[in-house]
Amino acid sequence: MSKIDYQSLLDNALKSVVKDALVHAQINGLGDGTHFYITFKTRDNGVVLPDFLRMRYPDLMTIVLQYSYNNLHVSDREFGVQLTFDGRPFFIRVPFSALVEFKDPSVDFILTFHPQQQPVSADNDMELPLDEKPDSIPDDKRVVSLDEFRKQKSGL
């Protein structure tokens, strides 16, 4: 018989609190002073993020929902929102399984999650996961010894 994973059960229950708070914001907007800080794993499966942000934040990213967000959409498994980065709007999507932390500083509320390890996968053809190496380049061809160049230069 397998053991009950209480941490996973608790995380799932608390993620429903986050979902309900986001649904409330989707329908009613955010009240005076209310704002959310949402930290998530940028490389989890299902996270949709512009490549330049994934490069800038290769593991974790925190977004703020306060004044300038649009098109907040919440489903049972994820939420999506349009945010402005570098003066341009981008739509991002975050599965609740990728959440690490949720804060509402206006009421001193914080939830911390323990996300499960997921296999890393690239979301498009232009991006390689950080822990994968291209198969076409053998490891011995990637390292260049400076000693070879020094010997050539001194022999001239």
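Look up: the structure comes first, before these words.
For the structure given in this document, a descriptive report is provided here. (Residues numbered from 1 in each chain as written. Predicted model: local features only at pLDDT ≥ 70, side-chain atom pairs only at ≥ 80, totals over all residues. Heavy atoms only, no water.)

1. Examining the sheet that holds strand 2 (residues 60-65)
Phase 1: Strand order in the open sheet formed by four strands is 2-1-6-7, and the pairing between neighbours is antiparallel. Here the strands that pair on one side only, and so sit at the sheet edges, are strand 2 and strand 7 (109-112). Looking at each pair of strands side by side, their axes are set apart by 10° on average, direction ignored.
Phase 2: Helix 1 (residues 6-28) rests against strand 1 (36-41), strand 2, strand 6 (99-104) and strand 7 of the sheet, and its axis sits at about 135° to strand 7. (Pairing = 2+ DSSP bridges. Helix = DSSP H or I, 4+ residues; strand = E, 2+ residues; numbered from the N terminus. Axes fitted to C-alpha atoms, helices over the stretch in contact; angles between N-to-C directions. Contact = heavy atoms within 4.5 Å.)

2. A look at the sheet that holds strand 5 (residues 88-95)
Strands belonging to one sheet form pairs held by backbone hydrogen bonds; the direction of such a pair is parallel or antiparallel.
Phase 1: Overall, antiparallel pairing links the three strands, which are arranged 3-4-5 in an open sheet. On the outer flanks of this sheet lie strand 3 (69-74) and strand 5, each paired with one strand and no other. With direction set aside, neighbouring strand axes in the sheet form an average angle of 15°.
Phase 2: Bridge count between strand 4 (residues 78-85) and strand 5: eight bridges; the pairing is antiparallel. Residue Gln82 lies in a different strand from strand 5, and its bridge partner there is Phe91.
Phase 3: The sheet contacts of helix 1 involve strand 3 and strand 4, and relative to strand 3 the element is tilted by about 130°.

3. Describing the environment of Thr62
Phase 1: Inspection of the secondary structure assignment puts Thr62 in strand 2.
Phase 2: Between the C-alpha atoms of Thr62 and Ile38, which are 24 residues apart in sequence, the distance is 5.3 Å.
Phase 3: Leave out the neighbours within four places in its chain, and Thr62 touches Tyr37, Ile38 and Thr39.
Phase 4: At 2.6 Å, the side chain of Thr62 and the side chain of Thr39 are in polar contact. (Polar contact = N/O pair within 3.5 Å; in protein donor to acceptor, adjacent residues only side chain to side chain.)

4. Section: the side chain of Arg54
Phase 1: Inspection of the secondary structure puts Arg54 in helix 2 (residues 51-56).
Phase 2: The exposure class assigned to Arg54 is buried, which follows from its relative accessible area of 3%. (Buried < 20%, exposed > 50% of the residue type's maximum accessible area, 1.4 Å probe, protein only.)

5. Focus on the pattern of salt bridges
Phase 1: Counted by the stated rule, this structure contains five salt bridges.
Phase 2: Note that Arg93 is salt-bridged to Glu78, the shortest N-O span being 3.5 Å. Note that Arg93 is positioned in strand 5 and Glu78 in strand 4, a separation of 15 residues in sequence.
Phase 3: For Glu78, a relative accessible area of 26% translates into the label partly exposed.
Phase 4: The salt bridge involving Glu101 is made with Lys103; its shortest N-O contact spans 3.6 Å.
Phase 5: The exposure class of Lys103 is partly exposed, given its relative accessible area of 31%. (Salt bridge = Lys/Arg side-chain N within 4 Å of Asp/Glu carboxyl O.)

6. A closer look at the packing of aromatic side chains
Phase 1: Tallying each qualifying case throughout the model produces five aromatic pairs.
Phase 2: Here the aromatic residues Phe36, Phe102 and Phe109 are joined through ring pairs into a cluster of three or more. (Phe/Tyr/Trp six-rings, centres within 6.5 Å; stacked < 30°, edge-to-face > 60°.)

7. Description of unusual backbone geometry
Phase 1: Unusually for a residue other than glycine, Asn71 sits at a positive phi of about 50°.
Phase 2: With respect to the helices and strands, the residue Asn71 is situated in strand 3.
Phase 3: Within the chain, Asp108 stands out as a residue other than glycine whose phi angle is a positive 55°.
Phase 4: Mapped onto the elements of the fold, Asp108 is located in the loop between strand 6 and strand 7.
Phase 5: Looking at Asp108, the relative accessible area reads 73%, which means it is exposed.

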